[in-house]
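Inside the fold
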Amino acid sequence: MAADWRRDAPDLMIALDRTGAPLGLQIQEQLRVAIREGRLLGGERLPSTRRLADHLGVSRGTVVEAYEQLVAEGYVDSAVGSGTRVARIPGAERRDRTPAPTAAAPPPRFEIDFEYGIPDLGSVPLRDWVWALGEATRTLPTAGLGDEEPAGSRHLRDVVTAYHRRVRAGCAAADEAVVVGGFRQGLAFTLATLARSGTEVLALEDPGPREHDVIARRAGLTAVPVPVDAEGLDVAALRASQARAVLVTPAHQCPTGVALSPSRRRELVAWAHEVDGVILEDDYDAEFRYDRQAVGSLQGLDPERVFALGSVSKTIAPAIRIGWVLAPPRFVEVLTQEKQLSSRGAPGLDQEALALLVESGRFDRHLRRVRDLYRTRRDALAQEVAAVFGPDRLEGLAAGCHTVLLLPLDVDEDAVVEAARSLGVHVTGLRRYRLTERPAQPALLLAFGNLSEHQLVRGVHAIAEAVRRSQPRKGRRDASAGPSARPAAGAASH
Ligand SMILES: Cc1ncc(COP(=O)(O)O)c(C=O)c1O
């Protein structure tokens, strides 16, 4: 029967004082108060009289009488077939349920949303996930339902490090992996670990997500911005900073989209040796490289100095958000302690399911499918932008699910964002990612992973209209005719 699960009556928190007032009266009063205070909401089902009587150790007649009294007073309704339910009393639900005035409003919904970081949600392999969860539930030994190993499921650590060696040219062993709840949590634990080992300054790519600056400060570190240019992180500028730790996105810089060039990769590793420092590699978007073979993880180049941080938020879905930190061996113990102090870890069944998903080949199959899909979307976006804005306006197209659109020099980035918003399109200006104020060509970050080709085409036209509306009146031109002086690639911010 489809609705069978509903028939199991809910339990209810009622504490009886057997030395006090008659038990029936106590039941009535506690239910009245719970309903008045909004702890029991209109429409909620009460336990059956038999269940509640068993639960409280009183006679069924006592509960029947209490319910009848509450029906008579209008607190509850009783109907054959649907049991006894809390009546809807105006005002009763207000107390607890009104959101606090300071609660953040839900984000507005846009017809076309170019926000980055969301994979194609329609492609999330839910069937495979259900299969994997089913297998995990069926095969996990009973002992596996207890507390996991401190660093996370051994099975998942085996599978993730094997995957990283196979696909990302890494070289971490399972003992060097710590399972976390996504990249960001892994970053927080890693920074806490570094702070405990005496690191004081963390270099961050500029532009880059501003939240990383906040996370660094919360870990007690000082963050210093280091510019990114057409080859990725400027290692000479890094050398000039006081930092001995750096967070980088070598595979697809967030947000400019440039890949760290081979010479910069070597320079970066050399820098880490020179200063006896560490590199935190956010292996972000590495799976989605379209025109050439993917570039391996930095961790494979220098496992003693590189922490590789990864997660399935982009490869599967943010809703799964299991991640890992592959740490240099000397940091693993403290990193594991940091994880233990803050949480006992990601849900064990999900970890087992992810291990099975990867092991069974379903994860790789999913990646092959979405890589093709993203390539098609990227091409559709590039084609439309070229048609509407002219050539060479997009940067960072080689990998990942977002690109940067260079805007004409005479428009204000914020004005374009606002005008687009009024047209039902959400885009982000690169300004939001700049850690330092510098003159920069206006530019937008456009993510294409979760938009259909049709939406991409419409979105590009809406942005063109937004640009037109934002251009100075005098000499207002077609968006494509705006000055397109191109700074170095990736340097929309410099
Ligand atoms: C630069 C960057 N790295 C990694 C991630 C993945 O983070 P998480 O695993 O916490 O969802 C994101 C998410 O948007 C990101 O922006």
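To start, this report covers the structure provided alongside it. Note that the structure is predicted; figures quoted are calculated from it, not measured. Within each chain, residue numbers correspond to sequence positions counted from 1 in written order. Given that the model is predicted, a residue must reach a pLDDT of at least 70 before its local features are reported, and side-chain atom pairs must reach 80 or more before they are shown or counted; all residues, however, enter totals for whole chains, interfaces and linings. Excluded from the side-chain calculations are hydrogens and water; all other atoms, namely the structure's heavy atoms, are used.

On to the side chain of R32, then. Put simply, DSSP H or I for four residues or longer makes a helix, DSSP E for two residues or longer makes a strand, and each gets a number counted from the N terminus. With respect to the helices and strands, R32 occurs in helix α1 (residues 23-36). We define a polar contact as two N or O atoms separated by no more than 3.5 Å, with the added condition that, inside protein, one atom must be a possible hydrogen donor and the other a possible acceptor, whereas residues neighbouring each other in sequence contribute only through side-chain atom pairs. Within the local environment of R32, its side chain forms a polar contact with the side chain of E73, the two groups lying 2.6 Å apart. Every residue in contact with R32, bar those within four places of it in the chain, is listed here: Q69, L70, E73 and Y75. Note on contacts: a residue pair is in contact if any heavy atoms of the two residues lie within 4.5 Å.

Let's shift gears to the pairing of strand β8 (residues 245-248). With burial as the criterion, each face of β8 is covered, one bearing A245 and L247 and the other bearing V246 and V248. Here two bridges tie strand β5 (residues 201-206) to β8, and the two strands are oriented parallel to one another. Bridge pairing links A203 to V246 in β8. Relative to strand β9 (residues 278-282), β8 runs parallel, the two sharing four bridges. Following the sheet pairing, A245 is matched in β9 by V278. Where the polypeptide runs from β8 across helix α10 (residues 262-274) and back to β9, its parallel neighbour, the crossover connection is right-handed. Think of it in three bands: with a 1.4 Å probe and only protein chains considered, a residue is buried below 20% of the maximum accessible area for its type, exposed above 50%, and partly exposed in between. Each pair of strands is called paired provided DSSP finds at least two bridges between the two strands. By convention, a crossover is right-handed whenever its connection, traced from the first strand over the helix to the second and viewed with the strands pointing away, goes clockwise.

Further remarks concern the site of the ligand. We call a residue near a given molecule or strand whenever any one of its heavy atoms falls within 4 Å of it. Near the ligand the following residues occur: Y116, G182, F183, R184, C254, D282, Y284, S311, S313, K314 and R321. Within the contact set of the ligand, an oxygen atom lies 2.5 Å away from a side-chain nitrogen or oxygen of Y116. Interatomic distance of 3.1 Å between a backbone N/O atom of R184 and an oxygen atom of the ligand. The accessible surface values rely on the Shrake-Rupley method and a 1.4 Å probe; as for residues, cover is taken only from the protein chains in view. Relative to its unbound accessible area of 400 Å², the ligand is 87% covered by the protein chains. Gly is put with the polar residues, along with every residue not named as nonpolar or charged; the nonpolar set is Ala, Val, Leu, Ile, Met, Phe, Trp, Tyr, Cys and Pro, and the charged set is Asp, Glu, Lys and Arg. Split by residue class, the shell around the ligand holds four nonpolar, three polar and four charged.

Here we take up the pattern of salt bridges. A pair is scored as a salt bridge if a Lys or Arg side-chain nitrogen falls within 4 Å of a carboxyl oxygen belonging to Asp or Glu. Evaluated as defined, the whole model comprises 30 salt bridges. Residue D229 is joined to R264 by a salt bridge in which the shortest nitrogen-to-oxygen separation is 2.9 Å. Placement of the pair is D229 in strand β6 (residues 222-229) and R264 in helix α10, with a sequence separation of 35 residues. With a closest N to O distance of 3.7 Å, R421 and E418 form a salt bridge. Pair noted here: R421 and E418 are both in helix α15 (residues 413-422), with a separation of three residues, about one helical turn. Given the relative accessible area of 47%, E418 is considered partly exposed. Each of E29, R32 and E73 takes part in one network of salt bridges that share partners.

The span one expects for a helix is its residue count, reduced by one, times 1.5 Å. The end-to-end C-alpha distance of α1 is 20 Å, a good match for the 20 Å that 14 residues give at a rise of 1.5 Å each. Regarding α1, the residues found buried are G24, Q26, I27, Q28, L31, R32, A34 and I35.

This next bit is on α10. With 13 residues, α10 should cover 18 Å at 1.5 Å per step; its first-to-last C-alpha distance of 19 Å lies within 8% of that length. Looking only at α10, the buried set comprises R264, R265, L268, V269, W271 and A272. On an axial view of α10, the arc spanned by its buried residues comes to 155 degrees, and they lie on one face. Exposed residues lying more than 90 degrees from the buried face of α10 are P262 and R266. Picture the helix axis, draw a direction to every C-beta atom, and the arc is the one those directions span.

Once that is clear, we can look at the packing of α1 against helix α3 (residues 60-73). Two quantities define a packed helix pair, namely the angle between the axes and the distance from one axis to the other. The geometry of α1 relative to α3 is characterised by a closest axis approach of 9 Å and an angle of 40 degrees between their N-to-C directions. Looking at the two axes, α1 sits oblique to α3. Note on packing geometry: the crossing formed by α1 with α3 is right-handed. The residues of α3 that touch α1, namely those facing L23, G24, I27, Q28, L31 and R32, are T62, V63, A66, Y67, Q69, L70 and E73. For the contact of α1 with α3, the per-class residue count stands at seven nonpolar, four polar and two charged. Inter-axis angles, ranging from 0 to 180 degrees, are taken between N-to-C directions of lines fitted to C-alpha atoms, where helices are fitted over the stretch in contact. Convention used here: angles under 35 degrees read as roughly parallel, angles over 145 as roughly antiparallel, angles from 65 to 115 as roughly perpendicular, and any remaining angle as oblique. By convention, the crossing between two helices is left-handed when the near helix turns anticlockwise from the far helix through less than a right angle, and right-handed when the turn is clockwise.

As a further point, take the sheet that holds strand β16 (residues 443-447). Within a sheet, adjacent strands bond to each other through the backbone by hydrogen bonds, running parallel or antiparallel. Spatially, four strands are ordered β12-β13-β16-β15 in an open sheet, and the strand pairing comes out antiparallel. Two strands in the sheet have a free side with no partner beyond their single neighbour: β12 (394-395) and β15 (428-429). Sheet topology note: the β15/β16 ladder contains two bridges and is antiparallel. The partner of T428 across the bridge, within β16, is L445.

Attention shifts here to the packing of aromatic side chains. Here is the rule: rings of Phe, Tyr and Trp (six-membered ring for Trp) pair when centre to centre is within 6.5 Å. Planes less than 30 degrees apart are stacked, more than 60 are edge-to-face, and the remainder are tilted. Under the counting rule described, the total for this entry stands at five aromatic pairs. Here Y116 and Y284 contribute two aromatic rings whose centre-to-centre distance is 6.4 Å and whose plane-to-plane angle is 80 degrees, an arrangement assigned as edge-to-face. Taken as a pair, Y116 in the loop between β3 (112-113) and α5 (126-139) and Y284 in the loop between β9 and α11 (298-301) lie far apart in primary sequence, 168 residues in all. For Y284, a relative accessible area of 10% gives the class buried. Aromatic side chains F307 and F331 sit 5.1 Å apart centroid to centroid with 40 degrees between the ring planes, which places their arrangement in the tilted category. Taken as a pair, F307 in strand β10 (residues 306-311) and F331 in the loop between β11 (323-326) and α12 (332-342) lie far apart in primary sequence, 24 residues in all. The exposure class of F307 is buried, given its relative accessible area of 0%. F331 gets classed as buried once you look at its relative accessible area, which sits at 8%. Here the aromatic cluster, defined as three or more aromatic residues joined through ring pairs, consists of Y116, Y284 and Y433. Over the face of the ring belonging to W131 we find R362, whose NZ or CZ atom lies 3.5 Å from the ring centre. Criterion for a charge above a ring: Lys NZ or Arg CZ within 6 Å of the ring centre, and within 35 degrees of the ring normal.

Summarising the element assignment, L397 is placed in the loop between β12 and β13 (402-406). According to the relative accessible area criterion, L397 is partly exposed, its value standing at 22%. Spatially, the C-alpha atoms of L397 and A15 are 63 Å apart, while their sequence positions differ by 382 residues. Once residues within four sequence positions are removed from consideration, L397 is found in contact with Y290, R378, A382 and T403.

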